[in-house]
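Observations on the model geometry
Below are the chains, spelled out letter by letter.
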Amino acid sequence: MSAKLKVLGMILAGGQGSRLFPLTAKRAKPAVPFGSRYRIIDFVLNNFVNSGIYGIYVLTQFKAQSLTEHIQRHWRFGGFLDDHFIILVPAQMYRYEELGPVWYRGTADAIYQNLHLVNNNKPECVAIFGGDHIFKMNVAHMVEYHNDTRADLTIAAYPVPVAEASRFGVLQVDDQWRLVGFQEKPKDPTPIPGRPDWALASMGNYVFRTEALLELLEYDSRDTASSHDFGKDVIPHALKEGYRIQVYDFKRNPIPGQDGPNTYWRDVGTLDAYFEASMDLIQVTPEFDLFNPEWPLRTANYFSPPAKFVHEAGNRIGQSFNSLIAGGCIISGATVRESVLSRRVRINSYSLVERSVIFDEVEIGRNVKIRNAIIDKNVKIPPGTEIGYDLEADRARGFTVTASGIVVVSKSFRFTPALV
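Bear in mind that the values here come from a model prediction, so they are computed numbers and not experimental data.

**A closer look at the packing of aromatic side chains**
Following the criterion strictly, the structure yields 20 aromatic pairs and no others. Geometrically, the ring pair formed by F208 and F230 is tilted, given 5.6 Å between the ring centres and 40 degrees between the ring planes. Remark: F230 occurs in helix 8 (residues 230-240) and F208 occurs in strand 11 (residues 198-209); sequence separation between them is 22 residues. Exposure class is identical for F208 and F230. Each is buried. Aromatic rings pair up to connect F34, Y38, F43, Y264, Y274, F288 and F359 into one cluster. The residue whose ring lies beneath R37 is Y38, and the NZ or CZ to ring-centre distance is 5.7 Å. One residue, R266, lies across the ring of Y264, its end atom 4.0 Å from the ring centre.

**Quick notes on helix 6 (residues 139-148)**
Counting along an α-helix, one turn takes 3.6 residues, and residues three or four places apart therefore face a common direction. Regarding helix 6, the residues found buried are V139, A140, M142, V143, Y145 and H146. Where helix 6 is buried, its residues contact strand 1 (7-12), helix 1 (41-50), strand 6 (125-130), strand 8 (153-161), strand 11 and strand 12 (245-249). Phi turns positive one or two residues past the end of helix 6, at R150, with a value near 55 degrees.

**Some words on the pattern of salt bridges**
Taken as a whole and judged by the stated rule, the model has 14 salt bridges. Its salt-bridge partner being R266, residue D280 comes within 3.5 Å of it at the nearest N-O pair. One end of the pair, D280, is in helix 9 (residues 271-280); the other, R266, is in strand 13 (residues 265-267), and 14 residues separate them in sequence. The partner of D360 in a salt bridge is R343, with the nearest N and O atoms 2.9 Å apart. A residue pair is termed long-range when its members are at least 10 positions apart, and D360 in the loop between strand 23 (352-358) and strand 24 (363-364) and R343 in the loop between strand 21 (340-341) and strand 22 (346-347) qualify at 17 residues. As far as burial versus exposure is concerned, D360 and R343 are alike and both buried. Look at the salt bridges and you will find they share partners, linking K29, D132, R167 and D267 into a network.

**Quick word on the environment of I56**
Tracing the backbone shows I56 in strand 4 (residues 55-60). Excluding anything up to four places from it in sequence, I56 contacts G9, I11, L45, F48, V49, F85, I86 and I87.

**Some remarks on the sheet that holds strand 19 (residues 330-332)**
Taken in spatial order, the 5 strands make up an open sheet running 14-19-22-24-26, and their pairing is parallel. Two strands lie at the open edges of the sheet, namely strand 14 (308-310) and strand 26 (380-381), each paired on one side alone. Examined bridge by bridge, strand 22 and strand 24 share 2 bridges and lie parallel to one another. For R346, the partnering residue across the bridge sits in strand 24 and is E363.

**A short note on the nonpolar core**
One finds I11, I41, L45, V58, I71 and F129 to be the most contacted residues of the largest nonpolar core, which totals 40 residues. When residues in this core are grouped by element, the largest group, 5 residues, is from helix 1. Contacts of I41, omitting those with residues within four sequence positions, involve I11, A13, P30, V58, L67, H70, I71 and G131. Among the nonpolar cores identified, the runner-up in size contains 39 residues, and L12, Y112, L115 and V247 belong to it.

**With respect to the packing of helix 1 against helix 2 (residues 65-74)**
The interhelical angle for the contact between helix 1 and helix 2, taken along N-to-C directions, is 35 degrees, at an axis separation of 12 Å. In this structure, helix 1 crosses over helix 2, and the sense of that crossing is right-handed. Contacts from I41, D42 and L45 in helix 1 reach L67, H70 and I71 in helix 2. Grouping the amino acids of the contact of helix 1 with helix 2 by side-chain chemistry returns 4 nonpolar, 1 polar and 1 charged.

**What about the pairing of strand 1?**
The buried fraction of strand 1 is high, at 6 of 6 residues. Side chains V7, G9 and I11 of strand 1 all project onto a buried face; the interleaved residues L8, M10 and L12 project onto the opposite face, where all are buried too. Pairing analysis gives 6 bridges linking strand 1 to strand 6, with the strands arranged parallel. Bridge pairing links L12 to G130 in strand 6.

**Some points on the environment of F129**
Positionally, F129 belongs in strand 6. Along the primary structure F129 and G9 are separated by 120 residues, whereas in three dimensions their C-alpha atoms are 7.7 Å apart. When near neighbours in sequence (up to four residues on either side) are disregarded, F129 contacts M10, I11, L12, V44, F48, F135, M137, V139, M142, G204, N205 and Y206.

**Things to note about the side chain of N138**
With respect to the helices and strands, N138 occurs in the loop between strand 7 (133-135) and helix 6. For N138, a relative accessible area of 14% corresponds to the buried category. Contacts of N138, omitting those with residues within four sequence positions, involve S51, N253, P254, I255 and W295.

**A word on helix 1**
Counting buried residues along helix 1, 9 of its 10 residues qualify, which places the element largely inside the surrounding structure. Looking only at helix 1, the buried set comprises I41, D42, F43, V44, L45, N46, N47, F48 and V49.

**Some points on the environment of K26**
Looking at the secondary structure, you find K26 in the loop between strand 1 and strand 2 (33-34). In this structure K26 comes out as exposed when scored by relative accessible area, which is 57%. Separated by 37 residues in sequence, K26 and K63 place their C-alpha atoms 6.4 Å apart. Among residues more than four places away in sequence, those in contact with K26 are K63 and K411.

Parameters at a glance
Residues numbered from 1 in each chain as written. Predicted model: local features only at pLDDT ≥ 70, side-chain atom pairs only at ≥ 80, totals over all residues. Heavy atoms only, no water. Phe/Tyr/Trp six-rings, centres within 6.5 Å; stacked < 30°, edge-to-face > 60°. Helix = DSSP H or I, 4+ residues; strand = E, 2+ residues; numbered from the N terminus. Buried < 20%, exposed > 50% of the residue type's maximum accessible area, 1.4 Å probe, protein only. Lys NZ or Arg CZ within 6 Å of the ring centre and 35° of its normal. Contact = heavy atoms within 4.5 Å. Salt bridge = Lys/Arg side-chain N within 4 Å of Asp/Glu carboxyl O. Pairing = 2+ DSSP bridges. Core = buried A, V, L, I, M, F, W, Y, C linked by side-chain atoms within 4.5 Å. Axes fitted to C-alpha atoms, helices over the stretch in contact; angles between N-to-C directions. Left-handed = near helix turned anticlockwise from the far one by under 90°. Nonpolar A, V, L, I, M, F, W, Y, C, P; charged D, E, K, R; others polar.

Spelled out as structure tokens, the structure:
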């Protein structure tokens, strides 16, 4: 990225994440734990920082307390460089006199209500990314492409099966990857030419020339028929008005230390998608690599003790296979298989945890069996409990059960004798 090109990063982290309930019952979607020691927001923050973008605003709105604490405590630059900052921006009705008492009305409106931040920093372009996807991206490469093509707007794109494309904005491009058509969450997505089973989806990650962003958002704010969303309103209007819109092919994105094309991007917007993305991490050769030293993944630096595996006698053996185990975990005479454990989980003797995601500070008693489950923080599971073996019984206990049979136990759930 040219040293002369000033880029401001803005992360949209205010979504409710209703399809991830109950994981989002008490936290924003970007604050949901992922990958044993991270939160979802960490991945886009690392993408910016690893790309040399150090001026970052994180826009929050719903249930933002845990997200706020995570970023304030663990994502800090030193105080000596004015252009190095990660600052939280809560919804604060900054344009009250103009708009009245409204919170963010859409993704575009979230940026519009904070255009004073853009004006204060005077960047040449603004990178606007979502805060709720799992991926690695060298944003500097996308900015270079944006600058080289002299685009007003550049949209990152990812091919998805046509059957799944209705969840996304679908892009049509010419042979120069200039946008020529756009469909927002269409019932009948237009496939990629020559690839009838695939469509080109917008990743919801944008780089705007600053002047173009200001023009488009000022127009959108005056449009009474607009829902003030980038996908539904701003992009179609920009296309209609002849703005130069380029599409950036995500698989061309180079990640230092990674061989082959960059193809991993997951929208973990549903419980099943979240679970599947978690299971991606435990493969022998995972497509999404947490261990690449050339693309460090920073997060909270908790001072947890090492993970500990104890007992080796008969069938009382502390052991783990094909799993991620965070610091402070104690596997005491139990077996963990194909699972992701966060900090300070304790699993007691003769218990079995298979294909499950266990959040912080969960205690699992003796002779417990858990499979295909997500257990949120601060849950104490009594001895002899079974979860994931009788889905009707799990529903009766008040657990969420997804269409694919994943059982979710909510944060701080309290068992009673009748629920064991």
